[in-house]
Amino acid sequence: GAGDDILIVGADTEATMTANNTVNALKFTGGAGNDTFRIADMTNKDAGTSAVFDGHGVEILDFDADNEQVLIPSGLTDRSDSVTSKASGTAQDLNDGGGIYLITGATVSDLLNETQVIAAIGSNLTANGNGTDESIFVVNNASSTKFGVYRFDDASGTLAGAAAISGDLDLLATVTYTGTLDTSSIGVF
């Protein structure tokens, strides 16, 4: 709409609209005003051996990173609701949940390519493998016009200074944006 809006993506709506749909995922535009986009706990799973996410997640098409926010459910960040920058490859202990990390120093050419996303996050993560180290990673594309929001869950096994295991990431959203993406652009609800 024309004013400041809060757009909420419900789990049932997203499941219906994006299930294995690589072309016409659920798309949102906020229009004029400073909008808040709340992303529900629905994910597109990696397509197994192909290392390509099944869909785009929720697509936000007109995000103003300087004045708007994408909000993630607090439950997806386990025990921490912090939003911090993380340089690609720096050590990160995700035991007990790490919060939300905006990856800096690395980008991807394809937000749907799990291998590229894992490489951008880096190969120095620690997680205990008990399925409770949920965190969110935000990864930018090479032209700084889109970013992906990925949920990490360590259910595939223990990490000791290693890269995420294929299948540990779920794509929540792809966001086309203008402005400067920083930690104030992302938050929790």
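A. A look at the overall build of the chain. Summing up its helical and strand segments, the chain has 2 helices and 14 strands in all. Out of the 189 residues belonging to the chain, those deemed buried represent 47%. A separation of at least 24 residues holds for 71% of the contacts in the chain among residues at least 6 apart in sequence. Of the roughly 7,600 Å² of accessible surface on the chain, 49% is carried by carbon and sulfur atoms.

B. Geometry of the confidence of the model for the chain. Overall, the prediction assigns the chain a mean pLDDT of 81, with 80% of residues at 70 or greater. Note on residues 10-22: pLDDT under 50 across the span, and 24 contacts to partners over four residues away in sequence or across chains.

C. View of the nonpolar core. By size, the foremost hydrophobic cluster in this structure holds 23 residues, and its most contacted members are Phe-63, Val-70 and Phe-147. Where this core is concerned, the elements lending two or more residues are β3 (36-39), β4 (58-64), β5 (69-72), β8 (99-104), β10 (135-140), β11 (146-152) and β13 (169-178). No other element matches the 4 residues that β13 contributes to this core. Discounting residues that sit within four places of it in the chain, Phe-63 has contacts with Phe-37, Glu-68, Gln-69, Val-70, Phe-147, Val-175, Thr-176, Tyr-177, Thr-178 and Ser-185.

D. Representation of the sheet that holds β10 within the structure. The 7 strands are arranged β2-β4-β13-β11-β10-β8-β6 in an open sheet whose pairing can be described as mixed. The sheet terminates laterally at β2 (27-28) and β6 (83-87), the two strands that pair on one side only. Alignment of β10 against β11, held across 6 bridges, turns out to be antiparallel. Its bridge partner being in β11, Asn-140 is matched across the sheet by Phe-147.

Procedures and definitions
- Residues numbered from 1 in each chain as written.
- Predicted model: local features only at pLDDT ≥ 70, side-chain atom pairs only at ≥ 80, totals over all residues.
- Heavy atoms only, no water.
- Helix = DSSP H or I, 4+ residues; strand = E, 2+ residues; numbered from the N terminus.
- Buried < 20%, exposed > 50% of the residue type's maximum accessible area, 1.4 Å probe, protein only.
- Contact = heavy atoms within 4.5 Å.
- Areas by Shrake-Rupley, 256 points an atom, 1.4 Å probe, with all protein chains shown as cover.
- pLDDT = per-residue confidence, 0-100.
- Core = buried A, V, L, I, M, F, W, Y, C linked by side-chain atoms within 4.5 Å.
- Pairing = 2+ DSSP bridges.

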